[in-house]
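Single-letter residue listing:
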Amino acid sequence: MWGIKATGIIIGKKDLGEADKILTVFTREYGKLHLVARGSRKLSSKRVGTLELFNYIRFIYFSGRSMESLGQVDMINSFAGIKDDLDASARAYVVAEVVDNLTPLEQESKAVFDDLVLALQLLSKKETRGEADKIVRDFEKQVLKDLGFWSSPDAAPQNDHLAVGFRNYIERLIEKKLRSPQFVAHVNRLALATVPTD
């Protein structure tokens, strides 16, 4: 059986049985894929650190009867700055959830992939991390444009200073509430609670 080569960002994962995971990977070549990573939950697995959320990976996968399975995996970029910063992690969850909900399976979009990589790069850098909300807002706007949801001036929110406007628009498109903004709100509350007072 021949494997298929691809590069992608891990935007979601969930446990499968006692030892496996199902990964959601947004790839440059094939769009969004669901892949079974067999044995990846075992402590002895060499792929444990490679298959974390937001990792940029190069991999081979194999087509199966019900779902594709993951083969060889190599790390391209772990975006370590995101993992080391709770605020950046919270925003990265928003970015990943937006891509997961707005894109269908196996529909290639190099523009959205590039948007995703750029957003994670900016969130990972200390120099730009302070503009996390703007990074996410700009990302949401660009993805809406790239996917054709913003085809006219009246199609999307006009006030680009309010992230909530784009969030509400996205939620209307997918007909459900995003969960990650609640995580961001919780992180913001924690940050305010730790601010020293005179």
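Please read all numbers here as calculations on a predicted model, not as lab measurements. (Residues numbered from 1 in each chain as written. Predicted model: local features only at pLDDT ≥ 70, side-chain atom pairs only at ≥ 80, totals over all residues. Heavy atoms only, no water.)

Peer 1: Honestly, the environment of lysine 126 in this entry has me stumped. Any pointers?
Peer 2: By the secondary structure assignment, lysine 126 is in helix 4 (residues 126-129). With relative accessibility at 70%, the residue lysine 126 sits in the exposed group. (Helix = DSSP H or I, 4+ residues; strand = E, 2+ residues; numbered from the N terminus. Buried < 20%, exposed > 50% of the residue type's maximum accessible area, 1.4 Å probe, protein only.)

Peer 1: Before we go on, may I ask you to explain the sheet that holds strand 5 (residues 68-77) in this structure?
Peer 2: Taken in spatial order, the five strands close into a barrel running 1-2-3-5-4, and their pairing is mixed. For this sheet, the mean angle separating the axes of adjacent strands, direction not counted, is 50°. As judged from the seven bridges shared by strand 2 (residues 20-27) and strand 3 (residues 31-37), these two strands associate in the antiparallel manner. Bridged to valine 25 within strand 3 is leucine 33. Against the sheet, helix 2 (residues 86-102) makes contact with strand 1 (4-16), strand 2 and strand 3, and its axis sits at roughly 105° relative to strand 1, the strand it touches most. (Pairing = 2+ DSSP bridges. Axes fitted to C-alpha atoms, helices over the stretch in contact; angles between N-to-C directions. Contact = heavy atoms within 4.5 Å.)

Peer 1: Sorry, what's going on with helix 2 here?
Peer 2: Working note: α-helix, 3.6 residues per turn, so residues spaced by three or four point in the same direction. A rise of 1.5 Å per residue sets the reference length of helix 2, with its 17 residues, at 24 Å; its end C-alpha atoms lie 25 Å apart and thus fit the reference within 8%. Within the sequence span of helix 2, burial applies to Ala88, Ser89, Ala90, Arg91, Ala92, Val94, Val95, Ala96, Glu97, Val98, Val99 and Leu102. (Expected span 1.5 Å × (residues − 1).)

Peer 1: Help me out: how do you make sense of the pairing of strand 5 in this one?
Peer 2: For a regular strand, the rule is simple: side chains alternate between the two faces of the sheet. For strand 3 and strand 5, the ladder comprises two bridges, and the chain directions are parallel. Within strand 5, the residue paired with valine 36 across the bridge is serine 69. Note that strand 4 (residues 56-62) and strand 5 share six bridges and pair antiparallel. The residue of strand 5 that forms the bridge with arginine 58 is aspartate 74. Linking strand 4 to strand 5, which pair antiparallel, is a turn of five residues.

Peer 1: Even after reading the chapter, I still don't get the packing of helix 2 against helix 3 (residues 110-124), so can you show me in this structure?
Peer 2: Each pair of packed helices can be summarised by the angle the axes make with each other and by the distance between the axes. In contact at an axis separation of 10 Å, helix 2 and helix 3 are set at 175° when each is read in the N-to-C sense. Taken together, the axes of helix 2 and helix 3 lie roughly antiparallel to each other. Between helix 2 and helix 3, the residues in contact are Ala88, Arg91, Ala92, Val95 and Val99 and Val112, Leu116, Ala119, Leu120 and Leu123, respectively. Looking at the contact of helix 2 with helix 3 residue by residue, the class counts come to nine nonpolar, no polar and one charged. (Parallel < 35°, antiparallel > 145°, perpendicular 65-115°, else oblique. Nonpolar A, V, L, I, M, F, W, Y, C, P; charged D, E, K, R; others polar.)

Peer 1: For this particular structure, what's the right way to read the packing of helix 2 against helix 5 (residues 132-146)?
Peer 2: Running from N to C, helix 2 and helix 5 point in directions that differ by 10°, and their axes come no closer than 10 Å. Taken as axis vectors, helix 2 and helix 5 run roughly parallel relative to one another. Counted together, Asp87, Arg91, Val94, Val95, Val98, Val99 and Leu102 of helix 2 and Ala132, Asp133, Val136, Phe139, Glu140, Val143 and Leu144 of helix 5 form the full contact between these two elements. Partitioning the contact of helix 2 with helix 5 into residue classes produces ten nonpolar, no polar and four charged.

Peer 1: What's the story with the pattern of salt bridges in this structure? I'm lost.
Peer 2: Here the idea is simple: oppositely charged side chains can pair when their charged atoms come close. One pass over the full model with this rule turns up ten salt bridges. Here arginine 91 makes a salt bridge to aspartate 87, at a shortest N to O gap of 2.3 Å. Here arginine 91 pairs with aspartate 87, and both are found in helix 2, just four residues apart, close to one helical turn. Exposure remark for arginine 91: the relative accessible area of 3% places this residue in the buried category. For the salt bridge of lysine 110 with glutamate 108, the shortest nitrogen-to-oxygen distance reads 3.3 Å. On the basis of relative accessibility, which here comes to 36%, the residue lysine 110 falls in the partly exposed class. By relative accessible area, which is 42% here, glutamate 108 ends up partly exposed. (Salt bridge = Lys/Arg side-chain N within 4 Å of Asp/Glu carboxyl O.)

Keep in mind that these numbers describe shape and distance, not what the molecule does.
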